[in-house]
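Notes for the structure review
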Amino acid sequence: MNKAPDAREMSPQEEMADVRRTIDGLDDEIVALFAKRQRQIERAARVKPLLGVPALVQERVDEVIARVLGAARREGLSMELALKLWSAAIEWSIQYEEKLMGDKAPRSRDESAEDGG
Ligand SMILES: O=C(O)C(=O)C[C@]1(C(=O)O)C=C[C@H](O)C=C1
């Protein structure tokens, strides 16, 4: 493909500056998306006590991780990075839901099993 008449190679310095500008823009988009995700965690914390559902629902955690790993594979994102990011995000989300629910938090099945049911 021919380049546009005024197109020229970037110097390494220009290219590095362009890399960093691009990363900054992408980071802003990622932050906005994670903020939207956080709003949904806040919704979950409001509705779960009405349903008697605890913050930690292991089947759903497994499903979210499996979905994300599939999406990572399709998009060419390192599955190792995706697993680290989503494991951290979900772990934080569970603690955040528990904090928001306070004493309205239904206990997880594991905790009730420890007391004999
Ligand atoms: O799906 C839920 O139950 C959520 O609260 C969301 C979410 C998540 O971060 O994706 C958080 C907590 C887990 O129990 C499962 C998934």
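Residues numbered from 1 in each chain as written. Predicted model: local features only at pLDDT ≥ 70, side-chain atom pairs only at ≥ 80, totals over all residues.

An unreviewed UniProt entry annotates the chain as chorismate mutase originating from Methylocystis heyeri.

Turning to the overall build of the chain, a few remarks are in order. Secondary structure summary: the chain contains four helices and zero strands in total. Overall, the chain shows an N-to-C arrangement of helices and strands of α-α-α-α. A buried classification covers 5% of the 117 residues belonging to the chain. (Helix = DSSP H or I, 4+ residues; strand = E, 2+ residues; numbered from the N terminus. Buried ≥ 20, exposed ≤ 12 C-beta atoms within 10 Å, placed from the backbone.)

This part takes up the UniProt feature "domain: Chorismate mutase" (unreviewed entry) in the chain. On the UniProt side, "domain: Chorismate mutase" (unreviewed entry) is annotated at positions that read residues 10–101 here. The annotated region residues 10–101 carries 88% helix and 0% strand content, and the separation between its end C-alpha atoms amounts to 53 Å. (UniProt positions renumbered as here; feature names shortened; annotations may be inferred.)

On to the site of the ligand. Taken together, Ile41, Ala44, Ala55, Leu56, Val57, Arg60, Val61, Val64, Ile90, Ser93, Ile94 and Glu97 form the complete shell of residues around the ligand. Looking at the shell around the ligand, the elements with two or more residues in it are α1 (12–51), α2 (58–75) and α3 (79–101). A per-element tally of the shell around the ligand places α3 first, with four residues. (Near = placed C-beta within 6 Å.)

Moving on: the packing of α2 against α3. The geometry of α2 relative to α3 is characterised by a closest axis approach of 9 Å and an angle of 150° between their N-to-C directions. Relative to α3, the element α2 lies roughly antiparallel. Seen from above, α2 lies across α3 with right-handed handedness. Taken together, the residues of α3 that come into contact with α2 (itself represented by Val61, Val64, Ile65, Val68, Leu69, Ala72 and Arg73) are Met79, Ala82, Leu83, Trp86 and Ile90. (Axes fitted to C-alpha atoms, helices over the stretch in contact; angles between N-to-C directions. Parallel < 35°, antiparallel > 145°, perpendicular 65-115°, else oblique. Left-handed = near helix turned anticlockwise from the far one by under 90°. Contact = placed C-beta atoms within 7 Å.)

A few words now on α2. Counted at 1.5 Å a residue, the expected span for α2 with its 18 residues is 26 Å, and the 26 Å between its end C-alpha atoms agrees. Downstream of α2 by one or two residues, Gly76 has phi in the positive range, about 80°. (Expected span 1.5 Å × (residues − 1).)

Right, let's talk about the packing of α1 against α3 for a bit. At a closest axis distance of 9 Å, the pairing of α1 and α3 adopts a crossing angle of 50°. It follows from the interaxial angle that α1 and α3 lie oblique. Note that α1 runs across α3; the crossing there is right-handed. Packed against α1, whose contacting residues are Ile41, Glu42, Ala44, Ala45, Lys48 and Pro49, the element α3 presents Ser93, Tyr96, Glu97, Leu100 and Met101 at the interface. Its residues assigned to classes, the contact of α1 with α3 shows seven nonpolar, one polar and three charged. (Nonpolar A, V, L, I, M, F, W, Y, C, P; charged D, E, K, R; others polar.)

A separate point is the environment of Ala7. The residue Ala7 is located in the segment before α1 in this model. Residue class for Ala7 comes out exposed when judged on the 8 C-beta atoms lying within 10 Å of it.

Attention now moves to α3. Compared with an ideal rise of 1.5 Å per residue, which puts 23 residues at 33 Å, α3 spans 32 Å between its outermost C-alpha atoms and is within 8% of the ideal. Looking at the residues trailing α3, positive phi occurs at Gly102, about 55°.

Put simply, the chain has an average pLDDT of 91, and 86% of its residues get 70 or more. The ipTM assigned to the predicted complex is 0.99, against a pTM of 0.87. (pLDDT = per-residue confidence, 0-100.)

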